[in-house]
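In case you want the letters, here they are:
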Amino acid sequence: QKEVEQNSGPLSVPEGAIASLNCTYSDRGSQSFFWYRQYSGKSPELIMFIYSNGDKEDGRFTAQLNKASQYVSLLIRDSQPSDSATYLCAQRRGGNTPLVFGKGTRLSVIA
Amino acid sequence: NAGVTQTPKFQVLKTGQSMTLQCAQDMNHNSMYWYRQDPGMGLRLIYYSASEGTTDKGEVPNGYNVSRLNKREFSLRLESAAPSQTSVYFCASSVRQGPDTEAFFGQGTRLTVV
């Protein structure tokens, strides 16, 4: 079992709707969580990270973390066709450890 | 700003050939990583270097070797390429490895082994 699990999708939402992307993790030692966006043929780019329980908002994006349930989510409000991409969830343990990625969820925003 | 630069961008190898993928960062980052990305598999860590002079195995190190040449450069070598190593390879770097530290990615190298 991979340490970080994501539904591969595709997740299709209409333009203007809220897209909800989910991620679960198995390592209770995980301290921080990152959401990356990857357009087809391009490299991943960071959207935001979170390491405290609760919500963290940045523009149209909200990351949610629930450490008790080992669950991380990313909400995208007012989804746009330009949000169509693969979204990668990653976790990092404390200390000197690299990011561990999930398989990614493909999002398609339909105009 | 160059960020993380990988060379080459594309490469075709024959089975058994060797090659080195180059990666350089100009952000004065301490940590560097090599990932591979295959369809449906996400990003898997091959090797990483937490700091200059150190390297460690990741999830899928077999068939690869790495060299942290200096603080800027981290190379990945395939000694005898196999079709199973056909993948997109990403180099990444981060200033350190604390819990709030993101990784910055290069543009990737698309490798095909025939």
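Residues numbered from 1 in each chain as written. Chains lettered and ligands numbered in written order. Predicted model: local features only at pLDDT ≥ 70, side-chain atom pairs only at ≥ 80, totals over all residues. Heavy atoms only, no water.

Participant: Can you help me understand the nonpolar core in this one?
Facilitator: Within soluble globular proteins, side chains that are nonpolar tend to cluster in buried spots. Membership of the largest hydrophobic core comes to 22 residues, with the highest contact counts inside it found for A:W35, A:I47, A:V72, A:L74, A:I76, A:Y87 and A:L107. Among the elements of the structure, β3 (19–25), β4 (30–38), β5 (45–50), β7 (61–66), β8 (71–76), β9 (85–93) and β11 (105–110) of chain A are those that each provide at least two residues to this core. In terms of residue count, β3(A) provides more of this core than any other element does, four residues in total. Core analysis: the next-biggest nonpolar cluster, separate from the first, contains 20 residues, B:L13, B:F74, B:A81 and B:Y89 among them. (Core = buried A, V, L, I, M, F, W, Y, C linked by side-chain atoms within 4.5 Å. Buried < 20%, exposed > 50% of the residue type's maximum accessible area, 1.4 Å probe, protein only. Helix = DSSP H or I, 4+ residues; strand = E, 2+ residues; numbered from the N terminus.)

Participant: Can you help me understand the interface of chain A and chain B in this one?
Facilitator: Frequently, the measure chosen for interface size is the accessible area that the parts lose on association. Each partner contributes to the interface: chain A provides 23 residues, whereas chain B provides 25 residues. Across the chain A to chain B interface the summed buried area is about 1,800 Å²; carbon plus sulfur atoms make up 53%. In this assembly, chain A and chain B are joined by zero salt bridges. Where chain A packs against chain B, one counts six residue pairs in polar contact (both at pLDDT 80 or more). (Contact = heavy atoms within 4.5 Å. Buried area = accessible area lost by both parts, 1.4 Å probe. Salt bridge = Lys/Arg side-chain N within 4 Å of Asp/Glu carboxyl O. Polar contact = N/O pair within 3.5 Å; in protein donor to acceptor, adjacent residues only side chain to side chain.)

Participant: Sorry, what's going on with the sheet that holds strand β1 (residues 4–7) of chain B here?
Facilitator: Hydrogen bonds along the backbone pair up the strands of a sheet, which may run parallel or antiparallel. Residue and element names in this part refer to chain B. Judged by pairing direction, the sheet is antiparallel, and its four strands sit side by side in the order β1-β3-β8-β7 without closing on themselves. Strands with a single pairing partner mark the edges of an open sheet, and in this sheet they are β1 and β7 (64–68). Mean inter-strand twist for the sheet, computed between neighbouring axes without regard to direction, equals 15°. Of the pairings in the sheet, the one linking β1 to strand β3 (residues 19–25) comprises four bridges and is antiparallel in character. Note on β3: the bridge partner recorded for T7 is Q22. (Pairing = 2+ DSSP bridges. Axes fitted to C-alpha atoms, helices over the stretch in contact; angles between N-to-C directions.)

Participant: Before we go on, may I ask you to explain the sheet that holds strand β1 (residues 4–5) of chain A in this structure?
Facilitator: Ordered in space as β1-β3-β8-β7-β6 (chain A), the five strands form an open sheet in which the pairing is antiparallel. Taken across any chain shown, the strands that pair with only one partner, and hence form the sheet edges, are β1 and β6 (54–58) of chain A.

Participant: So what exactly am I meant to see when it comes to the environment of A:E15 here?
Facilitator: Residues and elements named next belong to chain A. Along the chain, E15 falls in the loop between β2 (11–14) and β3. A residue is classified by how much of its surface remains accessible, and E15, at 40% relative accessible area, is partly exposed. Separated by 93 residues in the primary sequence, E15 and S108 have C-alpha atoms spaced 9.5 Å apart. Setting aside its immediate chain neighbours within four residues, E15 contacts S79, Q80, P81, V109, I110 and A111.

Participant: Could you clarify how one ought to interpret the pairing of β3(A) in this entry?
Facilitator: Here is the key point about a regular strand: its side chains alternate between the two faces of the sheet. All names here are of chain A. Only one face of β3 is covered, namely the face carrying A19, L21, C23 and Y25; the face carrying S20, N22 and T24 is uncovered. Sheet analysis places β1 next to β3, joined by two bridges and oriented antiparallel. When the sheet's bridge partners are listed, E5 is paired in β3 with T24.

Participant: Sorry if this is basic, but what is going on with the state of the cysteines here?
Facilitator: Linking two cysteines covalently via their sulfur atoms produces the bond known as a disulfide. Residues and elements named next belong to chain A. Enumeration according to the criterion identifies two disulfides over all chains in this entry. Across the disulfide, C23 is cross-linked to C89 (sulfur-sulfur distance 2.1 Å). With the S-S bond torsion at -70°, the cross-link from C23 to C89 turns out left-handed. In this pair, C23 is assigned in strand β3 and C89 in strand β9, connecting sequence segments 66 residues apart. (Disulfide = S-S within 2.5 Å.)

Participant: Which parts of the structure should I look at to understand the pattern of salt bridges?
Facilitator: For side chains bearing opposite charge, pairing can occur when the charged atoms are close. All names here are of chain A. In total, this model carries seven salt bridges over all chains according to the counting rule given. With a shortest N-O distance of 2.6 Å, R93 and D27 are connected by a salt bridge. You can see R93 sitting in strand β9 and its partner D27 sitting in the loop between β3 and β4, a full 66 residues away along the chain. Residue classification places R93 among the partly exposed positions, given a relative accessible area of 40%.

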